[in-house]
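# Close look at the chain arrangement
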Amino acid sequence: MALAKNPYWLKSGFYSIAQNALILVFNFGSFFILVRLVSVEDFGAWNLFLAIISVMEVFRYGLLRNSLIKFIASNKQELHGEINTASLLLNSLTTFLGFFILIGFSTKLSELWGVDGLARMFWIHGLTAVFLVLFTQFDYLHHAHLNFKAVFWPNIARKGIFFFFVAFAYFLNIQVDLIQLVWFQAVATFLAALISYFMIKDYLILSAKVSMIWIKKQFDYGKYVLGTNLSSMLYKSIDQFMLGALMSTEAVAKYSIAVRVTNLVEVPTTAISTIVFPQSVKRLQSDGEASVKYLYEKSVGVILALMVPAALFILLFPGFVIWIVAGDKYSDTAAMLQVTILYTLFVPFARQFGSILDSMGLPKINFYFTGLSMLLNVISNYFFIKHFGMIGAAYGTLITYFISFIVMQIVITKRLNVNTFNTLRYMFEFYKSIFNTLIVRLSKNR
């Protein structure tokens, strides 16, 4: 069962990690330029806009992605057309519903956060939302067919094109406002969807028949994943939303710097989670729950091994990291970074916990768990922001992560007999393997 010897893990792992690494480069590059290209207030407003539209993307992702993967992987090919058509219809309906909800609340959000032009930004984003229907549908099908090469190129294109727009403006000293950034997003998404279409022709099977049975099955499965992902997204964004409401967009901008740096360290979690879910579905059917237990412990251990060195460096040298990333005007965020970087110790457990439960057909448990964690985060953030100001958002979220981790380990231990200490054993085995490989190579070079 060794992960490293399985061709699936080698090939899919390469594309997934390469994709996340390049997206990291493009996202970081865009962020690195934008903090220098726009004012602190505009950067805060942009982060609030991104947080809101990310919630809408998570809405679509949660309802559709895992259900499509599960039903495509577990049903015969002659049913794939009806499954795909049902998924596409749900994708379109949820996208337009989300868009009208955004427009309905745009004025109130603009007043709450003091961001002029937010409503216009949402209207323009509606065009991006249309392109996202196609982009995401193709992307989920690529995942369902384990074609991570076809997942790789469109996602890289979407992030890379936006980065080059921003870089072009910066190096040519062109003034860019928030409206133009939204247009950049729309163009990048359209081109990415076009690339994805040309890579999916072999298994883009649609049926003229709209099956209410498959719509109901996917909705019934996806509604809990949707609730889980929305709660998770709000869980991770509520600190910024509350800072915007209780303090200012400047506070959001400074806090988001610490969060962005922390997100860099979480890249291995996203990469490995992407390939664990479809493999977990297949392993559960062929080998039973023992293999799923192994996948959880092993994947968390490997993720921790990749994340811990970077987290320790940032914890010891936060001021240096902030200076490199954002420059002198954000130097007062170093203390917050030392708190937010501690999140990374809990994130692998939470992410793999959700992936494993979803693959086992238990999205309802994951939904309740994440929803309660989100509510706890609202309460803790409100309390700590009121008492400690900007750094209170970091304290509140860290405490929520810790409490959620304890409860989560109790649940998964009862369900799969998971041993949390095995994750640490796999982490040190990973280091030992790397060390032994280096020793062998050094001895050969003598």
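Note that the coordinates shown come from a computational prediction; the quantities given were computed from them, not determined experimentally. (Residues numbered from 1 in each chain as written. Predicted model: local features only at pLDDT ≥ 70, side-chain atom pairs only at ≥ 80, totals over all residues. Heavy atoms only, no water.)

This brings us to the side chain of Thr423. Looking at the secondary structure, you find Thr423 in helix H16 (residues 420-445). Residue classification places Thr423 among the buried positions, given a relative accessible area of 0%. Here the side chain of Thr423 touches Thr420 through a polar contact of 2.5 Å, landing on its backbone oxygen. Sequence-distant contacts of Thr423, that is, excluding residues within four places in its chain, are made with Glu297, Val300, Gly301, Leu304 and Phe349. (Helix = DSSP H or I, 4+ residues; strand = E, 2+ residues; numbered from the N terminus. Buried < 20%, exposed > 50% of the residue type's maximum accessible area, 1.4 Å probe, protein only. Polar contact = N/O pair within 3.5 Å; in protein donor to acceptor, adjacent residues only side chain to side chain. Contact = heavy atoms within 4.5 Å.)

Further remarks concern the nonpolar core. The biggest cluster of nonpolar side chains holds 97 residues, and the ones touching the most others in it are Phe43, Trp46, Phe49, Phe122, Leu181 and Tyr330. Of all the elements, helix H2 (residues 40-73) adds the most residues to this core, at 10 residues. The residues contacting Leu181, other than those within four sequence positions of it, are Leu34, Trp46, Phe162, Val166 and Val176. The next biggest cluster of nonpolar side chains, apart from the first, holds 24 residues, and it includes Val55, Phe59, Ile69 and Leu226. (Core = buried A, V, L, I, M, F, W, Y, C linked by side-chain atoms within 4.5 Å.)

This part takes up the pattern of salt bridges. Scanning the entire structure with this criterion turns up 5 salt bridges. Between Arg158 and Glu57 there is a salt bridge, with the nearest N and O atoms lying 3.0 Å from each other. Within this pair, whereas Arg158 is found in helix H5 (residues 148-171), its partner Glu57 is found in helix H2, the two being separated by 101 residues in sequence. For Glu82, the salt bridge is made with Lys209, and the minimal N-O distance between the two is 3.8 Å. Taken together, the residues Glu82 in helix H3 (residues 80-113) and Lys209 in the loop between helix H6 (178-198) and helix H7 (212-246) connect sequence positions 127 residues apart. (Salt bridge = Lys/Arg side-chain N within 4 Å of Asp/Glu carboxyl O.)

Right, let's get into helix H15 (residues 390-416). Over its 27 residues, H15 extends 39 Å from the first C-alpha to the last, a length consistent with the 39 Å expected when each residue adds 1.5 Å. Two residues or fewer past H15, Asn417 is found with a positive phi of approximately 60°. (Expected span 1.5 Å × (residues − 1).)

Along its 34 residues, H2 runs 47 Å from first to last C-alpha, staying within 8% of the 50 Å computed at 1.5 Å per residue. The sharpest bend along H2 measures roughly 35° and falls at Tyr61. Counting buried residues in H2 gives 27 out of 34 residues, a clear majority hidden from the surface. (Bend = angle between axes of the 7 residues up to and from the residue.)

A few words now on the packing of aromatic side chains. Tallied over the entire structure, the rule returns 31 aromatic pairs. Both rings, one in Phe31 and one in Phe43, keep their centres 5.9 Å apart while their planes meet at 45°; by these two values the pair is tilted. Of this pair, Phe31 sits in helix H1 (residues 7-37) while Phe43 sits in helix H2; the two residues are 12 residues apart in sequence, bridging distant segments of the chain. Comparing Phe31 with Phe43 shows no difference in burial state: the two are buried. Look at Phe165 and Phe184: their rings are 4.9 Å apart centre to centre, the planes differ by 20°, and that puts the pair in the stacked class. Note that Phe165 is positioned in helix H5 and Phe184 in helix H6, a separation of 19 residues in sequence. (Phe/Tyr/Trp six-rings, centres within 6.5 Å; stacked < 30°, edge-to-face > 60°.)

Now for unusual backbone geometry. Unusually for a residue other than glycine, Asn173 sits at a positive phi of about 55°. By the secondary structure assignment, Asn173 is in the loop between H5 and H6. One non-glycine residue with positive phi stands out, namely Asn417, at about 60°.

Let's shift gears to the packing of H2 against H3. Running from N to C, H2 and H3 point in directions that differ by 165°, and their axes come no closer than 10 Å. On the basis of their axis angle, the class for H2 and H3 is roughly antiparallel. Where H2 crosses over H3, the two elements pack in a sense that is right-handed. Across the interface between the two elements, Leu48, Ile52, Met56, Phe59, Arg60, Leu63, Leu64, Leu68, Phe71 and Ile72 of H2 pack against His80, Ile83, Asn84, Ser87, Leu90, Asn91, Thr94, Thr95, Gly98, Leu102, Leu109 and Trp113 of H3. Here the residues of the contact of H2 with H3 sort into 14 nonpolar, 7 polar and 1 charged. (Axes fitted to C-alpha atoms, helices over the stretch in contact; angles between N-to-C directions. Parallel < 35°, antiparallel > 145°, perpendicular 65-115°, else oblique. Left-handed = near helix turned anticlockwise from the far one by under 90°. Nonpolar A, V, L, I, M, F, W, Y, C, P; charged D, E, K, R; others polar.)

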